[in-house]
Amino acid sequence: MIKTVISTELPIDEKLSIKKNIIKGSQGDKRICIVTGTHGDELEGQMVCYEMARRLNENIGSLDGQVDIYPALNPLGIDTIQRGIPNFDLDMNRIFPGNSDGSVAEQMAHAIIEDLKGADLVIDIHSSNLYLRETPQVRINVLDEEVLVPIARLLNIDFVWIHDAATVLESTLAHSLNSTGTPCVVVEMGVGQRINHKMCYRLVDGIFNLMREMGMWSGYVNKSVITSPIVCKGDNVEFLNAATSGVFITELKCGIVVAEGEEIGQIVEPLTGRILSRVVSPVEGYLFTIRAYPIVYEGSLMARVYKINRG
């Protein structure tokens, strides 16, 4: 069943509407929500929503409870391939929990929060931006670690990154929901403006695995493909930044273990054929973020490596 969460008038006889698809089983009162499209240039969530709806509709008899699918919290952004809300100059994930008496964007954020409140779980799906490629991961506020890490372990992702509370923006959807008692995990994966099919299928398998553990899904789950993630605290992550401007060349992909001193890539100068700088891992660790866009400036983020503690 398609339901409109909020609809508002646009200037020239059009409407801006945020919609969800409510898929109900024959019994059960648990509800999970699949949310994406907050940033218009992050597209992996579109395929996850499609695949979730397709599998649920084909096996509706195996669903106990309700799955709400919100594919586009920022439909104008998706239409125009913009991260923020066009014409409002706003990042939608910086205005939650919104305000029912505020601007159009604040009213939208308020309506979304009110619609999601009370769910047993919200999965907020993001991609990376155009510049970085991320291995499938869940990011969690340390204040919510006890509740959310066991959930994240079931989602068939590679990495769980627990952030210090001071680094968490209070105006995000996830923080707004978690602070009011509605559990919300944030998934990051892939790269901006593209869809990595393999990553999307993995996450969908993980969501059904989680639903089975929650008692919401009695259908088939291929346990042989479900993996357990690395779990890390923020202070064990090394940030690698460019020492100079240039063009970044690498053969590596994220999701691998690199040795201390291993070369991750080179920053080169096309004019003369010189290597300007070598990007080297300072530690042995798990490479979970790597630069995707090759043009870099001094200080640009090149990679993130989770330091492996052999002790």
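A few points on the structure. (Residues numbered from 1 in each chain as written. Predicted model: local features only at pLDDT ≥ 70, side-chain atom pairs only at ≥ 80, totals over all residues. Heavy atoms only, no water.)

This paragraph deals with the overall build of the protein chain. Tallying secondary structure elements over the protein chain gives six helices and 17 strands in all. Against the compact-globule benchmark of 19 Å for 311 residues, the protein chain has a radius of gyration of 20 Å, which places it among compact chains. In the protein chain, which comprises 311 residues, the proportion classed as buried is 52%. Carbon and sulfur atoms make up 49% of the accessible area of the protein chain, which amounts to about 14,400 Å² in all. (Helix = DSSP H or I, 4+ residues; strand = E, 2+ residues; numbered from the N terminus. Rg over C-alpha atoms; globule rule 2.2 N^0.38 Å. Buried < 20%, exposed > 50% of the residue type's maximum accessible area, 1.4 Å probe, protein only. Areas by Shrake-Rupley, 256 points an atom, 1.4 Å probe, with all protein chains shown as cover.)

We now examine helix α1 (residues 44-58). Each full turn of the α-helix corresponds to 3.6 residues, which orients residues three or four apart in the same direction. Taking 1.5 Å as the rise per residue, α1 with 15 residues should run 21 Å; its terminal C-alpha atoms sit 22 Å apart, in good agreement. Every buried residue of α1 is listed here: Glu 44, Gly 45, Met 47, Val 48, Cys 49, Glu 51, Met 52, Ala 53, Arg 55 and Leu 56. (Expected span 1.5 Å × (residues − 1).)

With that out of the way, let us pick up the environment of Leu 16. Relative to the elements of secondary structure, Leu 16 occurs in strand β2 (residues 14-24). Since its relative accessible area comes to 6%, Leu 16 is described here as buried. For the pair formed by Leu 16 and Pro 75, sequence separation is 59 residues and the distance between their alpha carbons is 7.8 Å. Look past the residues within four positions of Leu 16 in its chain and what remains in contact with it is Ile 6, Ser 7, Thr 8, Leu 10, Pro 75, Leu 76 and Met 108. (Contact = heavy atoms within 4.5 Å.)

Evaluation of the coordinates by the stated rule reveals 18 salt bridges. Here Lys 15 makes a salt bridge to Glu 9, at a shortest N to O gap of 2.6 Å. Both residues of the pair, Lys 15 and Glu 9, belong to the exposed class. Notably, a salt bridge pairs Glu 269 with Arg 274, separated by 3.3 Å at the nearest N-O pair. (Salt bridge = Lys/Arg side-chain N within 4 Å of Asp/Glu carboxyl O.)

A cluster of nonpolar residues, Leu 130, Tyr 131, Tyr 293, Ile 295 and Tyr 297, forms a patch on the protein surface that exposes about 480 Å² of accessible area. Relative to the helices and strands, Ile 295 resides in strand β16 (residues 295-296). According to the relative accessible area criterion, Ile 295 is partly exposed, its value standing at 37%. (Patch = residues over 30% accessible without salt bridge, like charges linked within 9 Å, V, L, I, M, F, W, Y side chains within 5 Å.)

With respect to topology, four strands assemble into an open sheet ordered β14-β13-β11-β16, the strand pairing being antiparallel. The open sheet is flanked by β14 (274-280) and β16, the only strands paired with a single partner. The pairing of strand β11 (residues 246-249) with strand β13 (residues 263-269) spans three bridges and is antiparallel. If you follow Phe 248 over to β13, its bridge partner there is Ile 267. (Pairing = 2+ DSSP bridges.)

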